[in-house]
Amino acid sequence: MKKSSSRAFLAAFGLSFIGLSLAALGVVFLLSPTTELFTDASITDYQPDEEDALTVLFLGGEKNQAPAICLLARMDPVRGKIWVSTLLPTLALEGEGGWNTLGEICEKKGGRKAADALSATLGIPVDRYVRMNAEGFSKVADTAGSIEYVLPFSITLTGGIQVKSGRQQMDGRKLVAAILNQKYDDGERQRILTLNDLTVATVNQRINVVAGPAGEALFKLSVNLADTDLSYADYEKARSALNYLANLPEKPANPMVTEGNYNLTGKSFLLSAQSMADIKEAFGKDLAVTTGKTAILTKKKNA
């Protein structure tokens, strides 16, 4: 896809715990350990509360460098949803010192400042950030366990090993290779939509193995491999909500699609007014429901 102010770009918004991307998939593994469902009364008697909602910005890449992939994910137990959105590193944000891209803010000022700028620009809370490189993500994914996924393309692993398209058990190496794959017929747009689909599949498959005895160790591993402001208190708070979401009749992870355009220089991506409004509603305190893969947003009465 060429950068052009006259051509809309579709940026997939897919929940992670959830995207899409190196960082996106990290959300599932950070808070979804590979254990049987926890049956403690404090979890099974859980009642969803808006205070338990958590929005996290996931960044794929090395610290002090512009991220290759960005994902915004929101766990919302009241709505029974995990919303996920893939964001372009070139997304224009207003922060300290004026307008810069998401990638530039991450590189120059760090993940926390990037999360704050995203919050201010979109008018939504961004509670935490997580930045992890490919090696760290692969380790976490292998510890958490593989997922089943139908690859739409073949990938090449380190060492030249070929993995054909079709149904695969995706371990850490395969997930990283799929995320970093650049061979898409429709360019960047197709890459982001594919990452969106991969992230949602990961979340919906792994959410049912949350909050068990191995969870604490997996969380510590993830935090030690990442640059993040997530704390153990966040993990403890999220366990009950994740278990609740895992036991709902419908799969919780849902993608959102946003639209926008590049500016005249082709260096900054601007979300459309409608997409800004949709994100604010889905990640805010208004009721959001989905039909298929299209987000349908309606405000709460008497909100």
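Cut-offs and rules
Residues numbered from 1 in each chain as written. Predicted model: local features only at pLDDT ≥ 70, side-chain atom pairs only at ≥ 80, totals over all residues. Heavy atoms only, no water. Phe/Tyr/Trp six-rings, centres within 6.5 Å; stacked < 30°, edge-to-face > 60°. Helix = DSSP H or I, 4+ residues; strand = E, 2+ residues; numbered from the N terminus. Buried < 20%, exposed > 50% of the residue type's maximum accessible area, 1.4 Å probe, protein only. Pairing = 2+ DSSP bridges. pLDDT = per-residue confidence, 0-100. Expected span 1.5 Å × (residues − 1). Bend = angle between axes of the 7 residues up to and from the residue. Salt bridge = Lys/Arg side-chain N within 4 Å of Asp/Glu carboxyl O.

1. As for the packing of aromatic side chains
One pass over the full model with this rule turns up 3 aromatic pairs. With a centroid separation of 5.4 Å and 50 degrees between ring planes, the pair formed by tyrosine 232 and tyrosine 235 is classed as tilted. Here tyrosine 232 and its partner tyrosine 235 are both found in helix 9 (residues 232-246), 3 residues apart, which amounts to about one turn of the helix. You can call tyrosine 235 buried: its relative accessible area is 3%.

2. Section: the pairing of strand 7 (residues 128-132)
Sheet faces and side chains relate simply in a regular strand, where the side chains alternate between the two faces. With respect to burial, strand 7 is a largely interior element, 4 of its 5 residues being buried. Across 5 bridges, the pairing between strand 2 (residues 54-60) and strand 7 is parallel. Within strand 7, the position partnered with glycine 60 by the bridge is methionine 132. By the bridge criterion, 2 bridges tie strand 7 to strand 12 (residues 227-228) in an arrangement that is antiparallel.

3. Remarks on the confidence of the model for the protein chain
Here the protein chain averages 76 in pLDDT, while 75% of its residues score no lower than 70. Put simply, strand 16 (residues 294-297) is where the protein chain has its lowest mean pLDDT, 31, and helix 4 (residues 111-122) is where it has its highest, 95.

4. Digging into helix 9
For helix 9, which comprises 15 residues, the first-to-last C-alpha distance of 21 Å matches the rise-based estimate of 21 Å (1.5 Å per residue) to within 8%. Roughly 35 degrees is the biggest bend found in helix 9, and it falls at alanine 238. Listed as buried for helix 9 are Asp234, Tyr235, Ala238, Arg239, Ser240, Ala241, Leu242, Asn243, Leu245 and Ala246.

5. Examining the environment of valine 200
Here valine 200 is to be found in helix 7 (residues 187-206). Taking relative accessible area as the criterion, valine 200 reaches 13% and is therefore assigned buried. A sequence separation of 54 residues divides valine 200 from asparagine 254, and the C-alpha atoms of the two residues are 6.5 Å apart.

6. Some details on the pattern of salt bridges
The full count for this structure, using the stated rule, is 9 salt bridges. Aspartate 76 is the partner of arginine 79 in a salt bridge, and the nearest nitrogen-oxygen pair spans 2.9 Å. By relative accessible area, which is 3% here, aspartate 76 ends up buried. In this structure, the salt-bridge partner of glutamate 135 is lysine 139, at a minimum N-O distance of 3.7 Å. Note that glutamate 135 and lysine 139 are positioned in helix 5 (residues 134-144) at a spacing of 4 residues, about one turn of the helix. Note on glutamate 135: relative accessible area 54%, which makes it exposed. Ionic contacts of the salt-bridge type, sharing partners, join the residues Arg74, Asp76 and Arg79 into one network.

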